Amino acid sequence: MKKKFLNLLKQPITNSYLTNLNKKTLRNEYFYNLLVSFDTKNFLVSITKPVDPKKQYTNKYAHRASESQTMRDAFKDVYSKLIKRFKPNQSLEIGSNDGVFIRNFKKNEITAVEPCLNLAKITNRLGYKTYPEFWSNKLAKKITKFHNFKFDLIFSANTISHIPNLKEVFSAVNFSLTKNGVFVFEDPYIGSVLKMNSYDQFYDEHVHVFSFLAISKIVEKHDLKIFDVELLETHGGSIRFYVCKKSSVQKVTKRVTNLKNIEKKKRLDKYITYKKFSSRVKKSKKDLFKLLKKLKKNGKKIISYGATYKSTTVFNYCNINNKLIEYVIDSTINKQGKFTPGQHIPIVAPGKSINKDVGYAFLGAWNFTKEIKKKEKKFLKLGGKFITHVPKVKIISK
Ligand code: JHZ
């Protein structure tokens, strides 16, 4: 049974960066109510009414996974680790974005699936066979029929949590795996969201935010098992699942039972845990708005760093517009010159460092704080400060 615990109010589609602010564009901007629920039976945290994926994964998809050094390194590391441990002959990636993971492979070793046409074109051009379609039972059958083989490794990062129908995901995965093949996927972790108070991990694309307890219930129904699990620092706290067929030779590691026990102890299977989180979110909203208002009143210039999908949730939930934040800087070329969804703050290209007249930069990309601080040493040295809302609203001056 789904029980609502968090209301993040009216939100736009996070990928819909606006090219102009004329009347027609504004009239056509799509909004929905972002309500988050906890399923008391299968422990899954999900958006109550997901948006139609065709509205989200278009041929104008903006996010480029290889935009940060942190993520390029992380994907290289996981590639080496998986190759060493599983020695796959043939691999598949679900949601290959701009190819940040598959670029590590030889072209005949990996197949990719990416429904956003503009992204699929990038990797097809590089010579990696990419299916520009949504992952489904039908596509899984088509792929194995075309290639005449199944996969020893299926990998997916920041994609499975985006798919409303998880039953179909796992049934298509089971069909596509070789006898002892492995499915490794990683997504934001609900344990980290609760700890970091990072409510901005909820937006239209993050249909679910996973716990170990929720995924173990689902895979069980598809004749699969979790044989290993890792908690990661990426994207502000992620979880990596290692899944195989129940009949596989893979042995279940201790980490699996450990995490299961930790999650039970932290009551991730109880509605009250999420209800309490929602009170902390309301406080975070009040604190952030109050801080920005105060700084503005004192004549400070505030900008935002990283036109992230996450910050779209923050700005729209907390009612932060360009009266408070003058502009957002982002290194992604196809976000520059556009406006943030819902609150319409202009997005500009970063200069060599943050402009001298800027007093404060809100960390829209707080998950890359280390990388950003390293790049913006001069800004900090000249007295500039960052603002973050995770784990609580505060100013960072060093
Ligand atoms: P980043 C996206 O979310 C969408 P977002 C998606 N749904 C998802 O799950 C996650 O990614 C994984 C910029 N930047 O990765 C680049 C700079 O400008 O936190 C990006 O636009 N300068 C698929 O958008 C943004 O910030 C920098 O120095 O919340 C970061 O976006 C750095 C480090 C980043 O994901």
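Predicted model, so just to flag it, every value in this text is computed and none were measured. (Residues numbered from 1 in each chain as written. Predicted model: local features only at pLDDT ≥ 70, side-chain atom pairs only at ≥ 80, totals over all residues. Heavy atoms only, no water.)

(A) Main features of the pairing of strand β2 (residues 31-39). Taken across its nine residues, β2 has seven buried, putting it largely inside the fold. Of the strand pairs in this sheet, strand β1 (residues 2-12) and β2 are connected by eight bridges, and their pairing is antiparallel. When the sheet's bridge partners are listed, Asn7 is paired in β2 with Leu35. Pairing geometry for β2 and strand β3 (residues 45-47), over three bridges, is antiparallel. Residue pairing across strands places Ser37 opposite Ser46, the latter belonging to β3. (Buried < 20%, exposed > 50% of the residue type's maximum accessible area, 1.4 Å probe, protein only. Helix = DSSP H or I, 4+ residues; strand = E, 2+ residues; numbered from the N terminus. Pairing = 2+ DSSP bridges.)

(B) Structural context of the site of the ligand. Residues in close proximity to the ligand total 25 residues, the closest being Glu205, Lys310, Asp330, Lys335 and Lys375. Here an oxygen atom of the ligand sits 2.9 Å away from a polar atom, N or O, in the side chain of His206. Here an oxygen atom of the ligand and a side-chain polar atom of Asp330 are 2.7 Å apart. When the ligand sits alone it has 730 Å² of accessible area, and the protein chains cover 96% of it. Broken down by secondary-structure element, the contributors of at least two residues to the shell around the ligand are α11 (309-318) and α12 (369-375). Ranked by the residues each element gives to the shell around the ligand, the list is headed by α12, at three residues. (Near = heavy atom within 4 Å. Polar contact = N/O pair within 3.5 Å; in protein donor to acceptor, adjacent residues only side chain to side chain. Areas by Shrake-Rupley, 256 points an atom, 1.4 Å probe, with all protein chains shown as cover.)

(C) Layout of the packing of helix α5 (residues 137-147) against helix α6 (residues 166-176). At a minimum axis distance of 8 Å, the contact between α5 and α6 shows a crossing angle of 15°. Looking at the two axes, α5 sits roughly parallel to α6. In the packing of α5 onto α6, the handedness of the crossing is right-handed. Facing Asn137, Lys138, Ala140, Lys141 and Thr144 of α5, the residues of α6 in contact are Glu168, Ser171, Ala172, Phe175 and Ser176. For the contact of α5 with α6, a count of residues per class yields three nonpolar, four polar and three charged. (Axes fitted to C-alpha atoms, helices over the stretch in contact; angles between N-to-C directions. Parallel < 35°, antiparallel > 145°, perpendicular 65-115°, else oblique. Left-handed = near helix turned anticlockwise from the far one by under 90°. Contact = heavy atoms within 4.5 Å. Nonpolar A, V, L, I, M, F, W, Y, C, P; charged D, E, K, R; others polar.)

(D) Local environment of the packing of aromatic side chains. All told, the structure shown has 26 aromatic pairs when counted by the stated rule. Ring geometry for Phe38 versus Phe43: centroids 6.4 Å apart, planes at 10°, classification stacked. For the pair Phe38 and Phe43, one class covers both residues: buried. Taking 6.1 Å as the distance between ring centres and 90° as the angle between the ring planes, the aromatic pair formed by Phe86 and Phe227 counts as edge-to-face. Here Phe86, found in helix α3 (residues 69-86), pairs with Phe227, found in strand β10 (residues 224-232); they are 141 residues apart in sequence, far enough to count as distant. With a relative accessible area of 14%, Phe86 lands in the buried category. (Phe/Tyr/Trp six-rings, centres within 6.5 Å; stacked < 30°, edge-to-face > 60°.)

(E) How the structure looks around the sheet that holds strand β4 (residues 91-94). Read across the sheet, seven strands follow the order β6-β5-β4-β7-β8-β11-β10 without closing on themselves; strand pairing throughout is mixed. Each edge of the open sheet is held by one strand with a lone partner, namely β6 (130-131) and β10. Here α3 sits on the sheet and contacts β7 (151-157), β8 (177-188), β10 and β11 (238-245); the angle it forms with β11, its principal contact strand, is near 25°. The sheet contacts of helix α9 (residues 254-265) involve β10 and β11, and relative to β10 the element is tilted by about 75°.

(F) Highlighting the side chain of Glu205. By the secondary structure assignment, Glu205 is in the loop between α7 (190-196) and β9 (208-209). Buried charged residue Glu205 carries no salt bridge. Nearest counter-charge: Lys335, at 9.6 Å. Of the polar contacts made by the side chain of Glu205, one reaches the side chain of Tyr61; its length is 2.6 Å. Other than its neighbours up to four places away in sequence, Glu205 contacts Thr14, Asn15, Gln56, Tyr57, Tyr61, Ser161, His162 and Tyr309. (Lys, Arg positive; Asp, Glu negative; His and termini not counted. Salt bridge = Lys/Arg side-chain N within 4 Å of Asp/Glu carboxyl O.)

(G) Spatial organisation of the nonpolar core. Ranked by size, the top nonpolar core spans 87 residues in total, and within it Trp135, Phe183, Phe202 and Phe241 carry the most contacts. With seven residues, the single largest contributor to this core is helix α10 (residues 271-297). Setting aside residues up to four positions removed in sequence, Phe183 forms contacts with Ile94, Ile154, Ser156, Ile160, Phe170, Val173, Leu177, Phe241, Tyr242 and Val243. Phe101, Ile354, Ala361 and Phe368 belong to the second-largest nonpolar core, a separate cluster that totals 39 residues. (Core = buried A, V, L, I, M, F, W, Y, C linked by side-chain atoms within 4.5 Å.)

(H) A look at the sheet that holds strand β17 (residues 394-396). Reading across the sheet, the six strands line up as β14-β13-β12-β15-β16-β17 and stay open at both edges, with mixed pairing between neighbours. In this open sheet, the two edge strands, each paired with only one partner strand, are β14 (347-348) and β17. Packing against the sheet, α10 makes contact with β12 (302-305), β15 (360-363), β16 (385-388) and β17, and its axis sits at approximately 155° to β16.

(I) Representation of helix α4 (residues 117-125) within the structure. Looking only at α4, the buried set comprises Asn118, Leu119, Ala120 and Thr123. Elements that come into contact with the buried residues of α4 comprise β6. Trailing α4 by a residue or two, Gly127 shows a phi angle of about 100°, which is positive.

(J) Expanded view of the side chain of Lys301. Inspection of the secondary structure puts Lys301 in the loop between α10 and β12. By relative accessible area, Lys301 is classed as buried at 19%. Beyond its immediate chain neighbours, meaning those up to four positions away, Lys301 contacts Glu326, Tyr327, Asp357, Val358, Gly359 and Tyr360.

(K) Spotlight on the pattern of salt bridges. Using the criterion set out here, one finds 14 salt bridges in the structure. For Arg255, the salt bridge identified is with Asp228, shortest N-O distance 2.8 Å. Of the two residues, Arg255 sits in helix α9 while Asp228 sits in strand β10, which places them 27 residues apart along the sequence. Here Arg255 falls in the partly exposed class, since its relative accessible area comes to 44%. Accessibility expressed as a relative area gives 0% for Asp228, which makes it buried. Where Asp330 meets Lys335, a salt bridge forms, and the shortest distance between an N and an O atom there is 3.9 Å.

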